[in-house]
Amino acid sequence: MIVRQRLNRAVVATTLGLAVAAGGIATASTAQAADTGHTKISCSAVKIRKAPSKTATVVGIGYRGDKVAYDQWAYKRSQKQWYTRGTVTRKSDGKKVRGYMVYQCANPYGSNPAPTPDIPK
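The following refers to the structure shown. Being a predicted model, the structure only gives us computed values, none of them experimental.

Overview of the overall build of the protein chain
Then, number 1: Along the protein chain, the regular secondary structure elements total one helix and six strands.
Then, number 2: Reading the protein chain from its N terminus to its C terminus gives the helix and strand order α-β-β-β-β-β-β.
Then, number 3: Burial statistics for the protein chain: of 121 residues in total, 30% are counted as buried.
Then, number 4: In the protein chain, the proportion of contacts linking residues at least 24 apart, taken out of those at least 6 apart, comes to 44%.
Then, number 5: When the accessible surface of the protein chain is summed, it comes to about 8200 Å², and 58% of that surface belongs to carbon and sulfur atoms.

Quick look at the structure:
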């Protein structure tokens, strides 16, 4: 009987621990989503790329005034360049293009040049 009670307590403690851990993981992913926002492209045109690199495949082009729903920034250390990841909604045809663009052209401050984030170490 005592062994059974200890086993039940261990199962309950493990279940509670997993529930708390899962809640922490869900909270962390929600916190990342809180970093999203909206801005407009401030350059006359910007290439939207598949990856944060000057040599990555171009998936589309965004023009001045097109709306951007951004959700992430990436720093390419070898190019010393910040990139914004998001979805561009073009005014001309309403097409949505998702990818990375140069941070100075799609920044949360809506002006050019934009203050850039600190360089990661």
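Quick word on the state of the cysteines
Then, number 1: Inspection of every chain in the model, using the stated rule, returns one disulfide.
Then, number 2: Put simply, Cys43 and Cys105 are joined by a disulfide, and their sulfur atoms are 1.9 Å apart. Handedness of the Cys43-Cys105 disulfide follows from its S-S torsion of about -85°: it is left-handed. With a gap of 62 residues between them, Cys43 in the loop between strand 1 (37-40) and strand 2 (45-49) and Cys105 in the segment after strand 6 (96-102) connect regions that are remote in the sequence.
Then, number 3: According to the relative accessible area criterion, Cys105 is buried, its value standing at 9%.

Looking at the pattern of salt bridges
Then, number 1: Taken as a whole and assessed by the stated rule, the structure comprises three salt bridges.
Then, number 2: Between Arg85 and Asp71 there is a salt bridge, and its shortest N-O distance comes to 3.1 Å. Taken together, the residues Arg85 in strand 5 (residues 81-89) and Asp71 in strand 4 (residues 67-76) connect sequence positions 14 residues apart.
Then, number 3: Among the residues examined, Arg85 registers a relative accessible area of 24% and is labelled partly exposed.
Then, number 4: Between Asp71 and Arg98 there is a salt bridge, and its shortest N-O distance comes to 2.7 Å. Highlighted residues: Asp71 in strand 4 and Arg98 in strand 6, separated in sequence by 27 residues.
Then, number 5: Salt bridges sharing common partners tie together Asp71, Arg85 and Arg98.

Overview of a nonpolar patch on the surface
Then, number 1: Residues Val58, Ile61 and Tyr63 make up a contiguous nonpolar surface patch of about 230 Å² in total accessible area.
Then, number 2: Within the secondary structure, Val58 is located in strand 3 (residues 58-63).

Procedures and definitions
- Counting restarts for each chain, with residues numbered from 1 along the sequence as it is written.
- Only residues with pLDDT of at least 70 are given local features in this predicted model, and only at 80 or more are side-chain atom pairs given and counted; all residues enter the totals for whole chains, interfaces and linings.
- Just so you know, side-chain values use all the structure's heavy atoms and leave hydrogens and water out.
- Here a helix means four or more residues in a row that DSSP labels H or I, a strand means two or more in a row labelled E, and each is numbered from the N terminus.
- Each residue is placed in one exposure class: buried if its accessible area under a 1.4 Å probe, protein chains only, is under 20% of its type's maximum, exposed if it is over 50%, and partly exposed if it falls in between.
- Here a residue-residue contact requires only that any non-hydrogen atoms of the pair lie within 4.5 Å.
- Accessible surface is estimated by sampling points in the Shrake-Rupley manner with a 1.4 Å probe; for residues, cover comes only from the protein chains shown.
- The criterion for a disulfide is a pair of cysteine sulfur atoms lying within 2.5 Å.
- Counted as salt bridges are all cases of a side-chain nitrogen of Lys or Arg within 4 Å of a carboxyl oxygen of Asp or Glu.
- Each patch is built from salt-bridge-free residues with over 30% relative accessible area, joining like charges within 9 Å and nonpolar side chains (Val, Leu, Ile, Met, Phe, Trp, Tyr) within 5 Å.

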